[in-house]
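Report on the structure
One-letter residues, chain by chain:
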Amino acid sequence: MELALKELLTEKALAVRRKIIKMIYKAGSGHPGGSLSLVEILVTFYFGDVLRYREDDPFWSDRDRLILSKGHGIPSLYSVWSEIGWIPEYMLWTLRKLNSPLQGHPDRRKLPLIEISSGSLGQGLSVGIGMALAGKIDKKDYRVYVIMGDGEMEEGQVWEAAMFAGFHKLNNLTALVDYNKFQLDGPIGEILNIEPLSDKWKSFGWEVFEVDGHSFDELKDVFDRIKENSFEKPQCVIAHTVKGKGVSFMENNNEFHGRAPTKEEALKALRELGEIYPEI
Amino acid sequence: MIREFKLGKPTRVAYGEALAKIGEEMEEIVVLDADLSKSTHTYLFAKKFPERFYNFGIAEANMVGAAAGLARCGKIPFCSSFACFMVNKAYEQIKISIAGSGLNVKFVSSHGGISVGEDGFTQQSVEDIALMCTFPGFTVVAPCDEVYTRWLIREVAKREGPCYVRTQRPSAPIIYENKNEFTWGKYIKLEEGEDVAIFSYGLVVAESLKAHDLLKKEGIKASIYDAPYIKPLDEETILDVAKSIKKIVVVEEHLRDGGLGSRIASFLAENFPVPMKILAIEDTYGESGKPDELFEKFGISYRKIFKEVLNFIR
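What counts and what doesn't
Residues numbered from 1 in each chain as written. Chains lettered and ligands numbered in written order. Predicted model: local features only at pLDDT ≥ 70, side-chain atom pairs only at ≥ 80, totals over all residues. Helix = DSSP H or I, 4+ residues; strand = E, 2+ residues; numbered from the N terminus. Rg over C-alpha atoms; globule rule 2.2 N^0.38 Å. Buried ≥ 20, exposed ≤ 12 C-beta atoms within 10 Å, placed from the backbone. Contact = placed C-beta atoms within 7 Å. Nonpolar A, V, L, I, M, F, W, Y, C, P; charged D, E, K, R; others polar. Pairing = 2+ DSSP bridges. Axes fitted to C-alpha atoms, helices over the stretch in contact; angles between N-to-C directions. Arc of directions from axis to C-beta. Right-handed = clockwise from strand over helix to strand, strands pointing away. Expected span 1.5 Å × (residues − 1). Parallel < 35°, antiparallel > 145°, perpendicular 65-115°, else oblique. Left-handed = near helix turned anticlockwise from the far one by under 90°.

**Some remarks on the overall build of chain A**
Secondary structure summary: chain A contains 11 helices and 7 strands in total. For chain A, whose C-alpha radius of gyration is 18 Å, the value lies close to the compact-globule estimate of 19 Å for 280 residues. Its C-alpha atoms give chain A principal-axis dimensions of about 50 × 45 × 40 Å. Across the 280 residues in chain A, those meeting the buried criterion constitute 52%.

This is how it looks when you write it as structure tokens:
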């Protein structure tokens, strides 16, 4: 990857993380852990020349579709959209407040930028299938990306969808698993182990890739391969990530699955994220 | 003299035929089924338009999610399965991916009610209408015969907005032999009488009409309404009837809770309370048997309607 691009992505990731911390702090509730683990993935999609979209027309009909099936990670996506300019920055601070378009979990009725409402896990991949089928009928070349959580792999609907997409060779569909190794109640391996994950997707008829979900190089490389190769099968990217990534005391600390930082914690986090004199 | 009806096609068959026809005119229609296309009759559409038909196998949740994605890309999806499977198994998917995303998806079930018969309670649906009425913005309709169904499906396809249509398994008596134009959202008066008004939908409309004939012999004049719209209610007609006739009976092949009767009662309680009698399935499930036997056992056959109406108004 070119140095200039990498610097841009690194800068964007820091900005997005700061916004996540601030918005969840101001909201007083939310999911920092699973929002932070997503940052490099979303930043690569939107700023790494992966996702096809028009800055001046987010509803362009030929856009690639991105579905955040793990809806609790939405602060990450709101932050990315504010970096593009689709959401004004002041709106970020209304997260989870009455009458805000920025609902605690994505609500398409309140914010049309959202492709589909989500928050009850397991549903996004099926919606992605519908979009991929529509693309085939209409002979459009947009791609559909569905981002899921690792705990989400425990939902039966995911495997209904995996079976269908594999059988029908929906090669315009890519699933991405944010594999941060934790779910609400604890480590995935202790609650309900989802391994062998890669073998599961392969056996359902998918091309599978495993990457470091915080490495821009690896993410960009795998997304480019998916875009450039015409795979016959749908593709699944298993992105190994760290829950709470970027804030030392949140990393692998499942206390921050669904708790907002205190003021002190937020200030500390923002300093770690490069804001020397943080204001909140 | 109790009238006899000409036996028509099941409403599910009329649905399949209508859909295959409308598919010619509306290219944006896509049809989704979950391994029951031979029962729901969506196979008729599939034969004509294989490129716009998807069989999801026995996976209702995935089917409903995919319908959401198709709707987001400008298609008009029709989802079909047995009422009990599509509504109950995919209830949450309908909530989040369809209703909670404000999408235009049509759900048309077959095998509504206990008239499914011999298969027993697991294949019968006595709660589908209550459940589908919980989704904001949904229209919930249950046609009584093939004529109304053909007209209805065309309307549903053309109108913007999510909709649930309950069709049924058995051959349906033809109620509308000389009529094929209807008004969306309005109930239809089939008999006029001033002593009591009976509202019903689906197969039991024919039972209500037969009850009307028995009541007539006893000197009781009953108004009979086909009330296909459970949501939204035809409030104007209900209010007119409440004010003029003052006694209302509702007959339905559904649980009492959350059905047409409870919805009308709730509406009238706030607007013009009148004595009501609701004949529905009472806090239980169906069982195996012939449809007629089941109507009798669960209190919605014409004989039972006749008896209950007599008790009610005397």
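**Remarks on the overall build of chain B**
Secondary structure assignment for chain B yields 13 helices and 12 strands. Relative to its length of 314 residues, chain B is compact, with a C-alpha radius of gyration of 19 Å against a globular reference of 20 Å. Projected onto its principal axes, the C-alpha positions of chain B cover 60 × 40 × 40 Å. Residues counted as buried form 56% of the 314 residues belonging to chain B. Within chain B, counting contacts between residues at least 6 apart in sequence, those at least 24 apart form 80% of the total.

**Observations regarding the interface of chain A and chain B**
Where interface size is given, it is often the accessible area lost as the parts come together that is meant. Counting from both sides, the interface comprises 23 residues of chain A and, opposite them, 23 residues of chain B. With 9 residues, helix 6 (residues 124-137) of chain A is the largest single contributor of residues to the side of chain A that touches chain B. For the side of chain A that touches chain B, the class distribution of residues is 9 nonpolar, 9 polar and 5 charged.

**Digging into the sheet that holds strand 8 (residues 196-200) of chain B**
Residues and elements named next belong to chain B. Spatial strand order, 7-9-8-11-12: 5 strands in an open sheet with mixed pairing. In this open sheet, the two edge strands, each paired with only one partner strand, are strand 7 (188-191) and strand 12 (276-281). Looking at each pair of strands side by side, their axes are set apart by 25 degrees on average, direction ignored. Sheet contacts for helix 11 (residues 260-271): strand 8, strand 11 (248-255) and strand 12; angle to strand 11, the most-contacted strand, approximately 140 degrees.

**Looking at the environment of B:Val204**
All names here are of chain B. One can find Val204 in helix 9 (residues 204-217). In this structure the C-alpha to C-alpha distance between Val204 and Ser244, which are 40 residues apart in sequence, comes to 24 Å. If near-sequence neighbours (up to four positions away) are discounted, Val204 is found in contact with Val251, Glu252, Glu253 and Ile300.

**Some remarks on helix 10 (residues 235-244) of chain B**
Count 3.6 residues to each turn of an α-helix, and residues three or four apart come out pointing the same way. Residues and elements named next belong to chain B. Every buried residue belonging to helix 10 is among Ile238, Val241 and Ala242, and all of these are buried. For helix 10, the arc enclosing every buried residue in end-on projection is 100 degrees, short of the 170-degree limit, so these residues lie on one face. Set apart from the buried face of helix 10 by more than 90 degrees, the exposed residues are Glu236, Lys243 and Ser244. Where helix 10 is buried, its residues meet strand 8, strand 9 (222-226), strand 11 and helix 11. At the exit of helix 10 stands Lys246, carrying a positive phi of roughly 75 degrees.

**Some thoughts on the sheet that holds strand 1 (residues 65-68) of chain A**
Residues and elements named next belong to chain A. In space, the 5 strands of this open sheet follow the order 1-2-3-7-6, with parallel pairing throughout. If you trace the sheet from one side to the other, it starts and ends with strand 1 and strand 6 (207-212), each paired once. On average, each strand axis in the sheet is inclined to that of its neighbour by 20 degrees, with strand direction left out of account. Pairing geometry for strand 6 and strand 7 (residues 235-240), over 6 bridges, is parallel. Of the residues in strand 7, the one forming a bridge with Asp212 is His240. Along the sheet, helix 10 (residues 216-228) makes contact with strand 3 (173-179), strand 6 and strand 7, crossing strand 6 at roughly 160 degrees.

**Quick word on unusual backbone geometry**
Across the junction of A:Glu195 and A:Pro196, the peptide omega takes the value -5 degrees, indicating a cis bond. Relative to the helices and strands, A:Pro196 resides in the loop between helix 8 (188-191) and helix 9 (197-203). At the junction of B:Lys231 and B:Pro232, the peptide bond is cis and its omega measures out at -10 degrees in the coordinates. Position of B:Pro232 relative to the elements: it lies in the loop between strand 10 (229-231) and helix 10.

**Examining the pairing of strand 12 of chain B**
Residue and element names in this part refer to chain B. Pairing of strand 11 with strand 12, which is carried by 5 bridges, proceeds in the parallel orientation. Residue Val250 lies in a different strand from strand 12, and its bridge partner there is Ile278. Taken together, strand 11, helix 11 and strand 12 form a β-α-β motif whose crossover is right-handed.

**Describing helix 13 (residues 302-313) of chain B**
Over its 12 residues, helix 13 of chain B extends 16 Å from the first C-alpha to the last, a length consistent with the 16 Å expected when each residue adds 1.5 Å. Buried residues along helix 13 of chain B sit against strand 8, helix 9, strand 9, strand 11 and strand 12 of chain B.

**Points about the packing of helix 4 (residues 60-72) of chain B against helix 6 (residues 91-98) of chain B**
A packed helix pair is summarised by two numbers, namely the angle formed by the two axes and the spacing between the axes. Residues and elements named next belong to chain B. Following both chains from N to C, one finds helix 4 and helix 6 inclined at 15 degrees, their axes separated by 9 Å at the closest point. One way to sum up the angle between helix 4 and helix 6 is to call them roughly parallel. The crossing of helix 4 and helix 6 is right-handed. Contact residues: Ala61, Val64, Gly65, Ala67 and Ala68 in helix 4; Gln93, Ile94, Ser97 and Ile98 in helix 6. Of the residues in the contact of helix 4 with helix 6, the class split is 6 nonpolar, 3 polar and no charged.

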